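# Topology and contacts: notes
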Amino acid sequence: SMAKPTRHPDQPLHCLLIQPRFEASNFWNMTDSAATTGAKTVAPPLGLLTVAAILPQNWIFELVDLNVRELTNAEWDAADIICTGGMIPQQNGILALVARANRDGKYIVVGGPDPTSQPDVYRDADVRVLGEGERTIPMWMESWRAGEPCGLFTSDDRPDVTTSPTPRFDLVEFPNYLQAGIQISRGCPFNCEFCDIIELYGRVPRSKTIPQVLAELDLLADLGYRGWIDVSDDNFIGNKKFVKKLLVELEVWCIRRDYPFYFGTEASMNLADDSELLDMMQRCEFRFVFMGIESPDPDLLAGTQKKVNSMKPIVERVHEVYKHGIAISAGFILGFDGEKPGTGEALITCI
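Residues numbered from 1 in each chain as written. Predicted model: local features only at pLDDT ≥ 70, side-chain atom pairs only at ≥ 80, totals over all residues. Heavy atoms only, no water.

### Here we look at the nonpolar core
- Counting 75 residues, the largest nonpolar core has Trp140, Phe236, Leu247, Leu250 and Phe286 as the members making the most contacts within it.
- Among the elements that take part in this core, helix 9 (residues 240-256) stands out by supplying seven residues, more than any other.
- Ignoring any residue separated from it by four or fewer positions in sequence, one finds Trp140 in contact with Leu55, Ile81, Tyr107, Val109, Val127, Val129, Pro149 and Phe153.
- Counting 16 residues, the second-largest nonpolar core is a separate cluster that includes Trp76, Ile94, Ala101 and Ile108. (Core = buried A, V, L, I, M, F, W, Y, C linked by side-chain atoms within 4.5 Å. Buried < 20%, exposed > 50% of the residue type's maximum accessible area, 1.4 Å probe, protein only. Helix = DSSP H or I, 4+ residues; strand = E, 2+ residues; numbered from the N terminus. Contact = heavy atoms within 4.5 Å.)

So, in structure tokens, the structure goes:
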């Protein structure tokens, strides 16, 4: 039962942004780690904060993260529009919100990686805004203003992220989180067979401008946030030339602002081969890197087109990063096609 909004998008609508719960067994549900600092969950929903910045700024926004607390009936009832979405481990939560909205005659919009990958699963939502919001949110607004507020909005164009607005970090209660995220680039130059990043964001990394990145950090610092910032890029070193330019400016920024943050990110293993880059990261207080090591078997890595990992011994590379005061958390995959017996033991030895 499709609900139509009762008001025009140029009016100051009440917009409720809901981050669904991550399923308990999932990689991203690191609630136990978060609890060690008194936080409730890992990171604020950067996607929804960016969506809030793209939508009309005369709207009244409220953010509820279901990984932090329950939604109140008053919050639900007050909303003119509900925006939600996310990844596969949030699918059940998104669909529960869609079902509730349909029951209550509420106008609900979904987007993000999972609705983009499998839009049919979400056909009961009033609006499906697929792909990257910088491109498709304006298409939806245009349609709504023309009297068609419902439908599916999609585009094959990759937005220029230098036009992406600063996320609405003012909507976040930071003590609930272990870290805060910013995104500097989208896309990854590699072609790993098992990864959906290139399906969603393409193989040409698109970077924000340096002033844009520093403005996001300024806002976080001005809002009083301190501590861990996660650079939530698909591959931090997708465009190394740009990253080096950024790190030069970031170091100056850190000194000027008296080092309010330390950083983590994710990067491909070839990070270990560039000591100049590692030095620069160390000086900017990078302390953690997530790496997809995947497997110690070079034949498997070749088969999955992840040859970048098999150039040099894994352990040697990891220790090169350690020398720069950077800890690694690693992803491994067990169960590749063509795995030989004994792969489990080899993985354990490598770890």
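### Considerations on the side chain of Ser164
- You can see Ser164 is positioned in the loop between strand 6 (151-153) and strand 7 (180-182).
- If we skip the residues at most four places from it in the chain, Ser164 touches Thr50, Glu134, Arg186, Lys208 and Gln212.

### Re the pattern of salt bridges
- Taken as a whole and judged by the stated rule, the model has 21 salt bridges.
- The shortest N-O distance in the salt bridge between Lys208 and Glu216 comes to 2.8 Å.
- With a relative accessible area of 1%, Glu216 lands in the buried category.
- One salt bridge in this structure joins Asp273 and Arg317, with 2.7 Å as the shortest N-O distance. (Salt bridge = Lys/Arg side-chain N within 4 Å of Asp/Glu carboxyl O.)

### Re the sheet that holds strand 7
- Ordered by their spatial adjacency, five strands build an open sheet running 7-10-11-12-13, and the pairing between neighbours is parallel. Two strands lie at the open edges of the sheet, namely strand 7 and strand 13 (327-332), each paired on one side alone. For this sheet, the mean angle separating the axes of adjacent strands, direction not counted, is 25°.
- Sheet topology note: the strand 10 (residues 227-231)/strand 11 (residues 261-266) ladder contains five bridges and is parallel. Its bridge partner lying in strand 11, Ile229 is registered against Phe263. (Pairing = 2+ DSSP bridges. Axes fitted to C-alpha atoms, helices over the stretch in contact; angles between N-to-C directions.)

### Here's the deal with the state of the cysteines
- Scanning all chains against the criterion turns up zero disulfides.
- Sulfur of Cys188: no disulfide; nearest cysteine sulfur belongs to Cys192 and is 6.4 Å away.
- The class for Cys188 is buried, based on a relative accessible area of 11%.
- Free cysteine: Cys350, not disulfide-bonded; nearest cysteine sulfur from Cys192 at 16 Å. (Disulfide = S-S within 2.5 Å.)

### A short note on the pairing of strand 3 (residues 81-85)
- Most of strand 3 is tucked away: five of the five residues are buried.
- Here strand 1 (residues 14-19) runs beside strand 3; their pairing, made up of four bridges, is parallel. Counterpart to Leu16 in the pairing with strand 3 is Ile82.
- As paired strands, strand 3 and strand 4 (residues 108-111) are joined by four bridges and run parallel to one another. Looking at strand 4, one finds that Gly85 is bridged to Gly111.
- Between the parallel elements strand 3 and strand 4, the chain passes through helix 4 (residues 91-104) in a crossover that is right-handed. (Right-handed = clockwise from strand over helix to strand, strands pointing away.)

### Comments concerning the packing of helix 8 (residues 210-222) against helix 9
- Running from N to C, helix 8 and helix 9 point in directions that differ by 35°, and their axes come no closer than 10 Å. In this structure, the crossing between helix 8 and helix 9 has a hand that is right-handed. For the pair formed by helix 8 and helix 9, the contact residues are Ile210, Val213, Leu214, Leu217, Asp218 and Ala221 on the first element and Phe242, Lys245, Leu246, Glu249, Leu250 and Trp253 on the second.
- For the contact of helix 8 with helix 9, a count of residues per class yields nine nonpolar, no polar and three charged. (Left-handed = near helix turned anticlockwise from the far one by under 90°. Nonpolar A, V, L, I, M, F, W, Y, C, P; charged D, E, K, R; others polar.)

### A short note on the environment of Ala96
- Relative to the elements of secondary structure, Ala96 occurs in helix 4.
- Looking at Ala96, the relative accessible area reads 46%, which means it is partly exposed.
- As for Ala96 and Pro20, which are separated by 76 residues in sequence, their C-alpha atoms are 9.3 Å apart.

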